[in-house]
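Per-entry structural report
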Amino acid sequence: ACTGIENIDEAITLLEQNNWDLVAAINGVIPQENGILQSEYGGETLHGPAYGPTSHSTAASSTSSSSSAFRHVVPSRQIVERQPRMLDFRVEYRDRNVDVVLEDSSTVGDIKHILENELQIPASQMLLKGWKTGDVDDSTVLKTLHLPKNNSLYVLTPDLPPSSSSHSGALQESLNQNFMLIVTHREVQREYNLNFSGSSTIQEVKRNVYDLTSIPVRHQLWEGWPPSATDDSMTLAVSGLTFPCHRLTVGRRSSPVQTREQSEEQCTDVHMVSDSDGDDFEDATEFGVDDGEMFGVASSALRKSPMMPENAENEGDALLQFTAEFSSRYGDCHPVYFIGSLEAAFQEAFYGKARDRKLLAIYLHHDESVLTNVFCSQMLCAESIVSYLSQNFITWAWDMTKEANRARFLTMCTRHFGSVVAQTIRTQKTDQFPLFLIIMGKRSSNEVLNVIQGNTTVDELMMRLMAAMEIFSAQQQEDIKDEDEREARENVKREQDEAYRISLEADRAKREAHEREMAEQFRLEQIRKEQEEEREAIRLSLEQSLPPEPKEESTESVSKLRIRTPSGEFFERRFLASSKLQVVFDFVASKGYPWEEYKLLGTFPRRDVTQLDPNKSLLEVKLYPQETLFLEAKE
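Residues numbered from 1 in each chain as written. Predicted model: local features only at pLDDT ≥ 70, side-chain atom pairs only at ≥ 80, totals over all residues. Heavy atoms only, no water.

Notes on the overall build of the chain
As a reminder of what qualifies: Secondary structure elements are taken from DSSP: a helix is a run of H or I of four residues or more, a strand is a run of E of two residues or more, and numbering for both begins at the N terminus. Exposure categories follow from relative accessible area, calculated using a 1.4 Å probe and restricted to protein chains: below 20% of the type maximum is buried, above 50% is exposed, and the middle band is partly exposed. A contact between two residues is defined here by any heavy atoms of the two lying within 4.5 Å. In this description, accessible areas are obtained by the Shrake-Rupley approach with a 1.4 Å probe, and a residue is regarded as covered only by the protein chains that are shown.
Within the chain one finds 16 helices and 22 strands. Per-residue burial over the chain gives 39% buried out of 635 residues. Restricting to contacts in the chain with at least 6 residues of sequence separation, those with at least 24 account for 65%. Element-wise, carbon and sulfur atoms account for 50% of the exposed surface of the chain, whose accessible area totals about 36,200 Å².

Written as C-alpha cells, this is what we have:
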C-alpha cells in the first residue's frame, strides 16, 4: 500500500535486506521527500527517510526489540542522512553475462555506459530490456523504479548482425527458448499473447493464428516480421524476432477486385504478405469462392463443428459428441471423460466405498478463448496428466461456448455447489477459460478444492492436481477409518440381530409346538367330550328305554341279577324272567358299561354271557331265579 510493490518476491527480497524491519524496508524504496515515520513517543511526526538499508544496522545495535510496528531509532528530531543503496544488475547479451553494481541514484544511461565499455557496443545502438515497469529512457533515475537489490536485464541490438563466433551456440540456445508473440488482429482490434518455442516455424504461427482469427493463411496480411523472415519454413529462432517478446499485426487480405493504386498503397504498409499454400482446404479460391465466406457460411463453422450441441436434451449424448470432437481435434491421447449426467458422475466418484472414491475433475471448455488450443493440446493431452487423471479422478466435461449450455451448467453448479461457486464461474472472462474444477465429496456437501485457469503449465497443473490429491487422501483415510469402524459396528449388530433372530425362531418353534400340542389336546379333549356326551346320550336313551323294574311281590316270574363292576362295586336289578337278554345288556350299558367295550361273565359255570343270543329270555339262558355276574373290559 505504501510502495506500490505487488511482486511478492521483490517485497521479500527488500525485507531480507533490511533484516525484516518493515519501516526500514519501506523507507528504503519510498523517495526521500516522501518518507514519513510516526514516532512512538508522544505522537511526534518525523519527516524524511530516517531508515535506510545501512542505517538500520546502527539502530538495531543500539535498540532492543520493540512491540511497536515503528521503532524510534533517532533520539531527537535530527534527520539522519540516507545512505546510498547499491543495486546489482546481471545483464545478458547473446552468450555473455555482465555484472553491474550501481547506486540507486544512478541513471539507466550510466548502466549503458558501463556496458559500452564491456561489450564494445555503442550505447546508442543498445536496447536495455527487462524492466518490470516497462520501457524506460536513459535519463530515468534507478531509485524512482523501486527496484529490488538483484535485477536481471538483457540487451538487444537489432541494428547489429549476430556475432559469427557465437552464432552456433546462440542458435541452439534460441531453439530451446520460448518466444512470446503479441499478435494484434487489425479488424477487431484484439490482442493474442501466444507462446512458441524457438524451433516452431513461421508457418506454424500462421496456422495457429488461423485457428484464432479464422483468416486463412493465404489471406493473412502481416506487419512486424523482421526483414530476415522471408520463408514460412524458417524457425522463430533464426527469423530475427525480438526475444522474449515480439509484436505483430495481422489482417485479412483484401479481395482481388481492387485498383492497382490500392494494391500498391497496401503493399507499402504491409511488411510481409504470406504466400503459403500449405492448407489443402483453401483451394476454394481457385473456383472463385473466398474461403473466408463460402455459401454464406463462416469459415470458422466450416473449420470445426461445435464441441457440444446446443440445448441437448440428454447430457450423456452431449458428452459423447464432446469426446468425439475432442479426439478429432487433439488426438486420442486425452482424459477419459465420464459419459453421463453430472449427478451420475457424483455417484461414480463420491458415493461408493471409501476405498473406491475419487476426486471429480470438471473440465469447462470454451472455443472462443485464446488459451483453449494450447491448454488442450499441450497440458490436458500430456501423457503424465492423462495417466494421473485416469488413476485418481473421474473427469467430466462441459462446453461453455454456447450461451444455452453455459446457462445450463451454471444452473447445475448452483444446485450442487452453491451460488458462490456459480458466481465465481459466471464472472470468469472468456480469455480465462478453459477452467479445471477439482471437486471433493464431503459427507453432507461437495467442496470445490481448486479452480485452475487455462494460463498454466504442465508442471503447475500436475502440482495442483497432486496438492488436491494430498487433501483428498487425508480425507479418504479418515473416511476409510470411519467406514471400517462403522462396518465393524454393523457386523457386531448384524451378529447380534442374527442371534436374536435365531432365538426368536427357536422361541417361535417352541411356542408353535406347544400350541400344536395344546391344540391336539384340546382336539382330543373335544373328541373325548363328544364321545362322553354321545355315550351319555346313549346311556340316557337306554336308561329311558328300559322296561320298569318289576316289584318283588309281582305274580310273574322275576329274575334277580347282581352285577359286579371292574372297580368292585355292585349293582342289582330285578328283571322279568321272560325279558330278553338284550334288556340286561341295555341296563349294563345304561350304567356306563356298553357291551361293545365290556363283556359280561357268569360265575358257575364261567361263561361269557355277551356271546349268547340277546334275543333269548333270561329263563332260556338260565339266568333265573337269580345270578351273580361280573363285568370285564374287552382287550
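Looking at the layout of surface pockets
This is how the line gets drawn: Here a cavity means grid points, on a 1 Å grid over the protein atoms only, where a 1.4 Å probe fits yet cannot get out; a pocket means an open set of points with protein on both sides within 12 Å along at least five of seven lines; lining residues are those with an atom within 4 Å of a point. Grid points are joined across faces, edges and corners, and a volume is the space filled by probe spheres set on the points.
Each pocket or cavity is described by its volume, and for the second largest pocket that value is around 930 Å³. In this structure, the second largest pocket is lined by 32 residues; those nearest its centre are Val370, Leu371, Asn373, Val374 and Phe375. Mapped by element, the contributors of at least two residues to the lining of the second largest pocket are β7 (178-185), β8 (190-197), α6 (202-213), α9 (315-330) and α11 (372-380). For the lining of the second largest pocket, the element with the highest residue contribution is β8, accounting for seven residues.

Things to note about the pattern of salt bridges
Put simply, the rule reads: When a carboxyl oxygen of Asp or Glu lies within 4 Å of a side-chain nitrogen of Lys or Arg, that pair is called a salt bridge.
Inspection of the entire model under this criterion finds 30 salt bridges. The closest approach of N and O atoms between Arg357 and Asp479, which form a salt bridge, is 3.6 Å. Here the residue Arg357 occupies a position in the loop between α10 (342-350) and β14 (359-365), and Asp479 occupies one in helix α15 (residues 458-545), the gap between them amounting to 122 residues. Salt bridges linked by common partners bring Glu325, Arg329 and Asp367 together as one network.

Description of the sheet that holds β14
Picture the strands of a sheet paired through backbone hydrogen bonds; they go either parallel or antiparallel. The following threshold applies: Note: two strands are recorded as paired if DSSP finds a minimum of 2 bridges between them. Helix axes are fitted to C-alpha atoms over the stretch in contact, other axes to C-alpha atoms as well, and angles between N-to-C directions run from 0 to 180 degrees.
Here we have four strands laid out as an open sheet, ordered β15-β14-β16-β17, and mixed in their pairing. In the strand order of this sheet, the two ends are held by β15 (393-399) and β17 (446-452), each with one partner. Neighbouring strand axes in the sheet, compared pairwise and without regard to direction, differ in orientation by 25 degrees on average. With six bridges joining them, strand β16 (residues 435-441) and β17 adopt antiparallel strand pairing. Each bridged residue has a counterpart across the sheet, and for Met440 the counterpart in β17 is Glu447.

As for the sheet that holds strand β19 (residues 570-576)
Taken together, the five strands give an open sheet; going across it, the order is β19-β18-β22-β20-β21, and neighbouring strands pair in mixed fashion. Lying at the two open borders of the sheet, with one neighbouring strand each, are β19 and β21 (607-608). Bridge analysis of strand β18 (residues 558-564) against strand β22 (residues 626-633) gives five bridges, and the strand direction is parallel. Pairing of Ile563 across the sheet is with Leu629, part of β22. Helix-sheet contacts for helix α16 (residues 581-590) involve β18, β19, β20 (598-602) and β22, and the interaxial angle to β19 is about 150 degrees.

Structural notes on the packing of aromatic side chains
For any pair of aromatic rings, the description consists of the separation of the ring centres together with the inter-plane angle of the planes. Threshold: Each aromatic pair joins two rings of Phe, Tyr and Trp (for Trp, the six-membered one) with centres within 6.5 Å, and gets the label stacked for planes under 30 degrees apart, edge-to-face for over 60, and tilted for any other angle.
Under the definition given, this model contains 21 aromatic pairs. Arranged with centres 5.6 Å apart and planes meeting at 20 degrees, the rings of Phe346 and Phe350 form a pair that is stacked. Of this pair, Phe346 and Phe350 both sit in helix α10, four residues apart, which is roughly one turn of that helix. Classification of Phe346 as buried rests on a relative accessible area of 3%. Judged by relative accessible area, which is 7%, Phe350 ranks as buried. Ring geometry for Tyr593 versus Tyr598: centroids 5.0 Å apart, planes at 80 degrees, classification edge-to-face. Members of the aromatic cluster, joined through ring pairs, are Phe322, Phe326, Tyr330, Tyr337, Tyr363, Phe375 and Phe436.

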